[in-house]
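Inside the fold
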Amino acid sequence: MNAAPLREFIQAVSHEVSASSDEAVLLPRVREHLARLVARDDWLPDELAQPDAQFYRQYLLYADPLDRFSVVSFVWGPGQKTPIHDHTVWGLIGMLRGQEWAQPYAWDASGQLVKQGEVTVLSPGQVEAVSPTLGDIHLVSNAFDDATSISIHVYGANIGAVQRWVYQADGSRKPFVSGYSNAWLPNVWDRSKDKA
Ligand code: FE
């Protein structure tokens, strides 16, 4: 594992959330940092890249002590997908390995939850945004039914502790708190392990 890319990303985003709490200012800046992070694939520890046979994994990579942001690796086993869900805060999704599909949903004029636009395909190096202002409800799935996919997510809160919602096709909803799959976080602070 090369700890430097993730450490530098955490430092850069810490600077951004200290400089502004305005989503419109933060999103393009953090997007740039995330694009740089997922442009390479030599830094995610293997322990935090392991799929589960049944459910997709959400490994916390870093949580800001002031809850201003969190960084999570989503590891999709073959064919795995989320329910329709929201986030309630801004989020950026950067594809690291494999490929994923995202189907946005929105409320129509009669109050029905309906598919909004086409499925987005995310390939390695690409970044996508969600937020209550941009569109916050979607269903995400691994594009592959025979391979693992991994995306790196950044949210404007400690996302695993945020109370949010999963939706049924009929628009009914249930509260959920996602939590995280790991008990330990990667040590990105030991600079003696950096590769030249
Ligand atoms: Fe999501």
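Placed above this text is the structure.
Summarised in this report is the structure supplied together with it. Worth saying up front: this structure is predicted, and the values here are computed from it rather than measured.

Thresholds, definitions, all that
Residues numbered from 1 in each chain as written. Predicted model: local features only at pLDDT ≥ 70, side-chain atom pairs only at ≥ 80, totals over all residues. Heavy atoms only, no water. Pairing = 2+ DSSP bridges. Helix = DSSP H or I, 4+ residues; strand = E, 2+ residues; numbered from the N terminus. Axes fitted to C-alpha atoms, helices over the stretch in contact; angles between N-to-C directions. Contact = heavy atoms within 4.5 Å. Donors = N, O, S within 2.8 Å, 3.2 Å for Na, K, Ca; no water. Buried < 20%, exposed > 50% of the residue type's maximum accessible area, 1.4 Å probe, protein only. Patch = residues over 30% accessible without salt bridge, like charges linked within 9 Å, V, L, I, M, F, W, Y side chains within 5 Å. Areas by Shrake-Rupley, 256 points an atom, 1.4 Å probe, with all protein chains shown as cover. Salt bridge = Lys/Arg side-chain N within 4 Å of Asp/Glu carboxyl O.

Right, let's talk about the sheet that holds strand β2 (residues 70-76) for a bit. Strand order in the open sheet formed by five strands is β1-β2-β10-β4-β8, and the pairing between neighbours is antiparallel. Whereas interior strands pair on both sides, the edge strands pair on one side only; in this sheet they are β1 (57-63) and β8 (127-130). Along the sheet, successive strands turn relative to each other by an average axial angle of 25 degrees, direction set aside. Of the pairings in the sheet, the one linking strand β4 (residues 91-97) to β8 comprises four bridges and is antiparallel in character. Each residue of the ladder has a partner; that of Ile93, found in β8, is Glu128. Where helix α2 (residues 23-38) meets the sheet, it contacts β4, β8 and β10 (149-155), and its direction lies at approximately 10 degrees from that of β4.

Protein coordination at the iron ion comes from His85 (NE2), His87 (NE2) and His138 (NE2), with a distance range of 2.1 Å. Of note, the donors binding the iron ion are all from one chain and are spaced H-x1-H-x50-H. With His87 in the loop between β3 (84-85) and β4 and His138 in strand β9 (residues 137-142), this pair connects stretches of sequence that are 51 residues apart. On the basis of relative accessibility, which here comes to 1%, the residue His87 falls in the buried class. For His138, a relative accessible area of 4% corresponds to the buried category.

A cluster of nonpolar side chains, Trp101, Val119 and Val121, forms an exposed patch at the surface whose accessible area comes to about 250 Å². Of note, Trp101 is situated in strand β5 (residues 100-107).

Right, let's get into the pairing of β10. Most of β10 is tucked away, with seven of its seven residues classed as buried. Neither face of β10 is left uncovered, since the one carrying Ser149, Ser151, His153 and Tyr155 and the one carrying Ile150, Ile152 and Val154 both have all their residues buried. Pairing between β2 and β10: seven bridges, direction antiparallel. Across the sheet, the residue bridging to Val72 is His153, located in β10. Direction of pairing for β4 relative to β10: antiparallel, over a ladder of six bridges. Bridged to Met95 within β10 is Ser151.

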